[in-house]
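Residues per chain, in single letters:
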Amino acid sequence: MKSDDPVTKETVERLCAQADLPLGPERRTRLVPMLAGLIAAANELSRKMAAAAHQSILPILRFPER
Amino acid sequence: MAQGDPLDLTIIEAAAQLEGRRLSPVELTEAMLQRIAKVDKQIRAYITVCDAQAREVARAAERMIQAGYCLGPLHGIPVALKDNIYTRGVRTTAGSKILSDFVPSEDATVAARLKRAGAIIVGKTNMHEFAWGGTTDNPHHGTCRNPWNPERFPAGSSGGSGAAVAARTCLGALGTDTGGSIRLPSSVNGIVGIRPTIGRVSNYNVVPLAWTMDTVSPMTRTVEDCVVMFEVIAGYDPFDEHSAQVPVADYRGELGRPVHGLRVGLIRDYSLTHVQKAVGDAVRAALKTLEGLGARIEEIAMPSIHGNISAQLTIESCEPSAYHQQWLRTRAADYGEDVRTLLELGEMYLATHYIQAQRYRSLLRKEFLEGFKRVDVFVTPTLPFTATPCGATEVVIEGNRKEDMLSAIMQFTGVPSLAGLPALSLPVGFDPDGLPVGMQVIGRPFDEGTLFRVGHAYQQVTDWHTRSPRL
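Since this is a predicted model, take the numbers as computed values, not measurements.

About the criteria used
- Residues numbered from 1 in each chain as written.
- Chains lettered and ligands numbered in written order.
- Predicted model: local features only at pLDDT ≥ 70, side-chain atom pairs only at ≥ 80, totals over all residues.
- Heavy atoms only, no water.
- Helix = DSSP H or I, 4+ residues; strand = E, 2+ residues; numbered from the N terminus.
- Rg over C-alpha atoms; globule rule 2.2 N^0.38 Å.
- Buried < 20%, exposed > 50% of the residue type's maximum accessible area, 1.4 Å probe, protein only.
- Axes fitted to C-alpha atoms, helices over the stretch in contact; angles between N-to-C directions.
- Parallel < 35°, antiparallel > 145°, perpendicular 65-115°, else oblique.
- Left-handed = near helix turned anticlockwise from the far one by under 90°.
- Contact = heavy atoms within 4.5 Å.
- Buried area = accessible area lost by both parts, 1.4 Å probe.
- Salt bridge = Lys/Arg side-chain N within 4 Å of Asp/Glu carboxyl O.
- Polar contact = N/O pair within 3.5 Å; in protein donor to acceptor, adjacent residues only side chain to side chain.
- Nonpolar A, V, L, I, M, F, W, Y, C, P; charged D, E, K, R; others polar.
- Phe/Tyr/Trp six-rings, centres within 6.5 Å; stacked < 30°, edge-to-face > 60°.
- Pairing = 2+ DSSP bridges.

### What to know about the overall build of chain B
Point 1. Tallying secondary structure elements over chain B gives 16 helices and 15 strands in all.
Point 2. For a compact globule of 471 residues, the expected C-alpha radius of gyration is about 23 Å, and chain B comes in at 21 Å, within 12% of that figure.
Point 3. Taking the principal axes of its C-alpha atoms as reference, chain B extends roughly 60 × 60 × 45 Å.
Point 4. With 471 residues in all, chain B has 66% of them scored as buried.

Here it is, written out as C-alpha cells:
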C-alpha cells in the first residue's frame, strides 16, 4: 500500500481477508474513513522513523530498570 | 468520638482517628456505603458494591484495633478498585459484557497487597469497556458521570475510580493507566492520580489493554494519600514478568523535602500549546506558585514530541486487538460499538507501523532522558480541555474547530506512557463553569518520589484539593 493511496472499501476487504476477520459489508464501509486517518498518521510516523538519522534506534518493548 | 464528617477525611486524617480510636473502621465503612447508596444511582461510579464483605472486613479490622494491632495507615480505610483488577470471590467484569460473570479465584497482586495492609474494599468501579477508551460511557454497566456536574463526563478509562473518590464514596481507589486512564479522570474529577514507571507496580492479574504500556496505581484526594497507597502496592512481584527489581524509595520521607532549586521543564511549542484558555491559565498560575516556592522554570526543545498521538494510537490499537482476537471472532456482538470498532481497526495496521511506533518510543525516551540532564521534572496540562458533556465524541479546544475526542484526549498523557516515565496529575484550578483543571508532572524513571514532593509542596500552599462537588 502506498502511503498516499486513499483507503477504500477494497483495501478494508483485503485487510479483513488477510486477518481472517469476517466483517459484513456495512461494517467494512464504516471502517474506511477511520482507517484512512489512522493509516495516514501511522505512515507519517513510519516515514519519520525510517529516516537515516534514526536507523540505529531499536524498538522498545521492555523498559530498562534504570 | 469522630472529629468532623467521616466523608471529608483524607486517608491520613482517617488513619490518625482510627489508630487513636476516635473513629472505628465499622463507622467509617458504614458512612461510605451509605454515601454510595445515596449518590451512586446518579454517578454510576460502581459496577459492584461489596457491602456485605466490606462490613465483615471492617468488623475484623475493628477487633484488631481493639486488641492493639494496627497494620499501618491503610488499616480500616475504605477503598475501591477498578473492575479490571482481579478480586478473589468478587466478579471482575473489566467493564464488559464478555466478562460479566467472571469471578476470579485469586486476587491481583495489588489487591492482595492492599488487603494485607488492612484496606477495606467497598466496591469495584465502573470503567470504559476493557479500558479501551477515555469516556467511561459504558453500554453494559451504565454511563459514569462527573460529580462536579453529572451532565459532564468523568473521563476514563478509570472514570469510576475518579468519580468515586471525588464523590466521597471511598477514601482512595486504584485505577489502571495505559495512555492516560488514571491521569485523565484524576484531572476532570479534581483529584490526584499517578501513573508509575512501567515495572514499578505489578500488573499481575489485571485484565490487560496494551501489555507494553499498562500500569496500575492509586487515585486519591491528596498527594500524601496517594503516597500512602503507592507505598503499599509498589515493588517487585515475581508473578509479573515486567516487574522491576528496583528498591522502593521512602516516598513519605520525600514529602518533607523542599522544592527550592528544583528545575521544572516546559517543552517548547508543546507544554502550553493548543489548550483551552482556562486550562492554560490554571497551569501557568500553578507554575508561578512553584516558582514562588523556589523552583526554576526552563524551556526545553524536544524535536520528536510530535508524532506521539499516532504512536500511541498504533500501539494501543494493535496490542488490544491481539488480546481480543478470539472474542472478536466469536463474541463480536457482545462488545460496545466503539470498542468493537477500535478492535477491528487494530487488526488492519501493518507490522511495520507497529514496530516503527515502538521505535518512536525509544526516540522519545532518549530525548526525555537528555532533557532530564537539565531539569528534574517536566510539566504539561493533564488534558487540554475540561470535562465535556457525556456522550460527546468531539471537543473544541481552540477557535470553533471540532476535534476527535480520542486523539484530543491523548495530547499530553500519551507522552510519558510511551516513554515509560512516571507522571502525576494534580488539581490546579477550575474553569468558569466550575470544572476542575489538572496539571501533569513528568519525572525520571523510578523517580516517583520527586513527583510526590512537587505535588505535596504545591498542595501545602493551595486549596484546590480541599474543595468538594455538591451532590
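### Some points on the packing of helix α2 (residues 25-50) of chain A against helix α13 (residues 351-371) of chain B
Point 1. One way to put it is that α2(A) packs onto α13(B) with a least axis distance of 9 Å and a crossing angle of 55 degrees. Of the possible angle classes, the one that applies to α2(A) and α13(B) is oblique. Note that α2(A) runs across α13(B); the crossing there is left-handed. Here A:I39, A:A42, A:N43, A:L45, A:S46, A:K48, A:M49 and A:A50 of α2(A) come into contact with α13(B), specifically with B:T352, B:H353, B:Q356, B:A357, B:R359, B:Y360 and B:L363.

### Section: helix α5 (residues 159-166) of chain B
Point 1. α5(B) sits mainly inside the fold: eight of its eight residues count as buried.
Point 2. Considered for burial, the residues of α5(B) that qualify are B:G159, B:G160, B:S161, B:G162, B:A163, B:A164, B:V165 and B:A166.

### Structural notes on the interface of chain B and chain A
Point 1. Across the boundary between the two partners, chain B contributes 44 residues, which contact 36 residues of chain A.
Point 2. Of the roughly 3400 Å² buried at the junction of chain B and chain A (both faces included), carbon and sulfur atoms supply 64%.
Point 3. When the area that chain B buries against chain A is broken down by residue, the three leading residues are B:L345, B:M348 and B:R359, summing to 21%.
Point 4. Run the count over chain B and chain A and you get three salt bridges.
Point 5. Residue B:E337 is joined to A:R30 by a salt bridge in which the shortest nitrogen-to-oxygen separation is 3.1 Å.
Point 6. At the surface where chain B touches chain A, the tally comes to 16 residue pairs in polar contact (both at pLDDT 80 or more).
Point 7. Those elements that provide at least two residues to the side of chain B that touches chain A are α10 (308-323), α11 (325-330), α12 (337-346), α13 and α15 (414-419) of chain B.
Point 8. The element best represented in the side of chain B that touches chain A is α13(B), accounting for 13 residues.
Point 9. For the side of chain B that touches chain A, the residue count by class is 19 nonpolar, 16 polar and nine charged.

### Some thoughts on the pattern of salt bridges
Point 1. Enumeration over the complete set of coordinates arrives at 27 salt bridges over all chains.
Point 2. Where B:R55 meets B:E30, a salt bridge forms, and the shortest distance between an N and an O atom there is 2.8 Å. With B:R55 in helix α3 (residues 51-66) and B:E30 in helix α2 (residues 25-43), this residue pair connects regions lying 25 residues apart in the sequence.
Point 3. Its relative accessible area of 24% is what places B:E30 among the partly exposed residues.
Point 4. Here the salt bridges share partners, and the residues they tie into one network are A:R27, A:R30, B:E337, B:R340 and B:E344.

### What to know about the environment of B:K124
Residues and elements named next belong to chain B.
Point 1. Topologically, K124 is positioned in strand β3 (residues 120-125).
Point 2. Note on K124: relative accessible area 0%, which makes it buried.
Point 3. Taking the C-alpha atoms as reference points, K124 and L174, 50 residues apart in sequence, are found 9.6 Å from one another.
Point 4. If we ignore the near neighbours within four places in the chain, the residues touching K124 are Y46, I47, T48, L81, K82, D83, I85, T87, V90, R91 and T92.

### Details of the packing of aromatic side chains
Residues and elements named next belong to chain B.
Point 1. One pass over the full model with this rule turns up 15 aromatic pairs over all chains.
Point 2. Ring geometry for F130 and Y335: centres 6.0 Å apart, planes at 50 degrees, overall tilted. Within this pair, whereas F130 is found in the loop between β3 and β4 (137-138), its partner Y335 is found in the loop between α11 and α12, the two being separated by 205 residues in sequence. Each member of the pair, F130 as well as Y335, is classed as buried.
Point 3. Among the aromatic side chains, those forming a connected cluster through ring pairs are F130, W211, Y323, W327 and Y335.

### As for the sheet that holds strand β8 (residues 215-220) of chain B
Residue and element names in this part refer to chain B.
Point 1. The strand order across the open sheet formed by eleven strands is β1-β3-β2-β6-β8-β7-β14-β15-β11-β9-β10, and the pairing between neighbours is mixed. Two strands close off the open sheet at either side, each with one partner strand: β1 (46-49) and β10 (296-300). Sheet twist, expressed as the average angle between the axes of neighbouring strands with direction ignored, equals 30 degrees.
Point 2. Note that strand β9 (residues 263-267) and β10 share five bridges and pair parallel. Looking at the pairing, R263 lines up with R296 of β10.
Point 3. Sheet strands touched by helix α7 (residues 223-233): β2 (78-82), β6 (172-177), β7 (192-195), β8 and β14 (423-430). Its angle to β8, the strand with the most contacts, is close to 145 degrees.

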